[in-house]
Amino acid sequence: MGPLLQQIAALKSGEVTSHELVEQCFEVIEAKSDYNAIISTRPQALEEARLSDSSRSAPKTTRRLEGVPFIVKDNLLTTGDEMTSGSNMLRGFVSPYTATAVQRLLDEGAILVAKSNMDSFGFGSSTENSDFGPTKNPIDPSLVPGGSSGGSAAAVALDMTTFAIGTDTAGSIRQPAAFTGTVGYKPTYGLVSRYGMTSMASSTDTVGVIARSTADAALVMDIMAGKDVNDSTTIDLNEELTSLKGADLSTAKVGVITDWLTEGVDPAIVETVESAVEALKSQGVEIVEVSVPELKYALSVYYIIMPAEVSSNLSRYDGVRYRHTAQSSSDLDSLYLKSRTEGFNEEAKRRIILGTHVLSSGYYDAYYKKAQQVRTLLINAMDKALSDVDFLLGPTTPTLPFKIGEKTADPMQMYLSDIMTAPSSLCGLPTICLPIAGSDQKLPVGMQLLAGRRQDSQLLNFANTIEVVLEKNK
Ligand code: GLN
């Protein structure tokens, strides 16, 4: 049982009250403020917890998260609260409505205590691109916690909350989970509504969760998942993600992606993943080696398609309709120019310029169109690989958590962090990152399991079953 399920049981039995839990959250947030995991807190959560406690005795309280505190990445809207997306552009922007994913958790009685730090607009792999300063890794504060949901991952690892909501466009849930030793879940594209999430690259944007166990993550996913009239890409699975019946390991077939266990990947990661694979083998899981040569194009494809979508999505921040407005502009053009120059940081500008370039006439066919064609080749290749096995497996990241400041001067180095997470995003595949570091190792290592589209319940069931095996292996 993960800490979330334990907390729910403790609340139900009366061992603890929601008010006490929320108070505890605020104490930990305060005590560990040096990690800079949080952008803003909601003091009214204390009053909401009191109300939850008084409603608990009523017979109608069957809500699944009654009184449970949680934290949300600051690129999701929650009515009346500031939402910055980690950017100066949106500092002071007050949410006019609540994101569907968050609303579903609130409807089940969960209590929102804080909004977490992130790379501005989701642009990054270290949380160093936040205009609110970098988040530090709970395991070693000289290291990055990963990004862009670094604040959410650090908040879970620091015990500020039992689970936190993140978003993942090409690894922003999974990579921070890998760097902080937590569990990160990125659903099938469309399983969770994006309504109320700040758009980054709309064709790969997903909302998911960072938690301490697969069972905890499954409960949160089950609540957030499903069709939403406000997001036409959403789907229903008609399956309960929480029915973790236990997978039969003797009939399971897993493909190990050999393209990700080669030179250039940190040897400690290769070794740890290989020993996890051995542990699965010893439990009867059939392991086969799989190579998908198209994977080598994924990062290039992502860094063309993503900026193209970003440049379009970020055009709405014009200094008129949203928060940051430049002072003393002589005309409309200079208002746009000044507001955007002041409001966006260097990384946001880089992506807007790159995206505008790849979409411009004369370059569109060579870059954007070509990237979309290669994306289709990758989708077909991954679908084919997944048709022969139940799940694909590999490391989540090519490196261990790196030092704060180590990669900030070289964006290309930073982009390489996404080499193993971008593919499932481009293909819309559900993927879970599980912590697998050996106990002799100080730094965490994350292992990814990828499944076919809409196979979320099978993936969670399998991950939940092998968690025990991997735990023994640590
Ligand atoms: N690190 C990737 C990027 O910088 C992915 C970000 C994300 O998933 N939001 O684009």
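Note: the structure precedes this text.
Residues numbered from 1 in each chain as written. Predicted model: local features only at pLDDT ≥ 70, side-chain atom pairs only at ≥ 80, totals over all residues. Heavy atoms only, no water.

(A) Local environment of the overall build of the protein. When you go through the protein residue by residue, the secondary structure sums to 15 helices and eleven strands. Counting only C-alpha atoms and orienting by the principal axes, one finds that the protein spans roughly 70 × 60 × 45 Å. For the protein, the residues scored as buried account for 60% of the 474 residues in total. Counting only contacts in the protein whose residues sit at least 6 apart along the sequence, the fraction spanning at least 24 positions is 75%. For the protein, the exposed area adds up to about 18,200 Å²; of that, 51% sits on carbon and sulfur atoms. (Helix = DSSP H or I, 4+ residues; strand = E, 2+ residues; numbered from the N terminus. Buried < 20%, exposed > 50% of the residue type's maximum accessible area, 1.4 Å probe, protein only. Contact = heavy atoms within 4.5 Å. Areas by Shrake-Rupley, 256 points an atom, 1.4 Å probe, with all protein chains shown as cover.)

(B) The arrangement of the sheet that holds strand S2 (residues 69-73) in detail. Ordered by their spatial adjacency, eleven strands build an open sheet running S1-S3-S2-S4-S6-S5-S10-S11-S9-S7-S8, and the pairing between neighbours is mixed. Where the open sheet ends on each side, the last strands, each with one partner, are strand S1 (38-41) and strand S8 (286-290). Pairs of neighbouring strands in the sheet enclose a mean axial angle of 25 degrees, with direction left out of account. Inspection of the sheet shows S2 paired to strand S4 (residues 164-168) by two bridges, in the parallel sense. Considered in S4, the bridge of Ile71 is made with Ala164. (Pairing = 2+ DSSP bridges. Axes fitted to C-alpha atoms, helices over the stretch in contact; angles between N-to-C directions.)

(C) Fine view of helix H1 (residues 3-13). Inspection of H1 places Leu4, Gln7, Ile8, Ala10 and Leu11 among the buried residues, and these make up the whole buried set. Summarising the axial view, the buried residues of H1 lie within an arc of 165 degrees, below the 170-degree limit, and thus occupy one face. Along H1, the residues that are exposed and aim more than 90 degrees away from the buried face are Lys12 and Ser13. Looking at the buried residues of H1, the elements they touch are helix H2 (18-31), helix H3 (45-56), S2 and helix H7 (214-224). Positioned one or two residues after H1, Gly14 has a phi angle of 85 degrees, which is positive. (Arc of directions from axis to C-beta.)

(D) Spotlight on the side chain of Asp318. Residue placement: Asp318 occurs in the loop between helix H9 (298-313) and helix H10 (332-343). What makes Asp318 buried here is its relative accessible area of 9%. Side-chain polar atoms of Asp318 contact the backbone nitrogen of Val320, separated by 2.8 Å. For Asp318, the residues in contact, after removing those within four places along its chain, are Leu335, Tyr336 and Ser339. (Polar contact = N/O pair within 3.5 Å; in protein donor to acceptor, adjacent residues only side chain to side chain.)

(E) Structural detail: the nonpolar core. Residues Leu65, Leu105, Phe163, Ile165 and Leu449 are the most contacted members of the largest nonpolar core, which totals 118 residues. Here this core takes ten residues from H9, the largest share from any one element. One finds Ala45, Ala49, Ala155 and Ala164 within the second-largest nonpolar core, a separate group that totals 22 residues. (Core = buried A, V, L, I, M, F, W, Y, C linked by side-chain atoms within 4.5 Å.)

(F) View of unusual backbone geometry. Cis rather than trans, the peptide bond between Gly147 and Ser148 has omega equal to 5 degrees. Summarising the element assignment, Ser148 is placed in the loop between strand S3 (111-116) and helix H5 (150-157). Phi angles above zero are rare outside glycine, and Thr127 is one such case at about 65 degrees. Within the secondary structure, Thr127 sits in the loop between S3 and H5.

(G) Structural view of the packing of aromatic side chains. Considering all chains together, one arrives at 14 aromatic pairs under this definition. One aromatic cluster is present, built from ring pairs that chain together Phe93, Phe121, Phe123, Tyr317, Tyr322 and Phe344. Over the aromatic face of Phe402 sits the side chain of Lys407, whose NZ or CZ is 4.4 Å from the ring centroid. (Phe/Tyr/Trp six-rings, centres within 6.5 Å; stacked < 30°, edge-to-face > 60°. Lys NZ or Arg CZ within 6 Å of the ring centre and 35° of its normal.)

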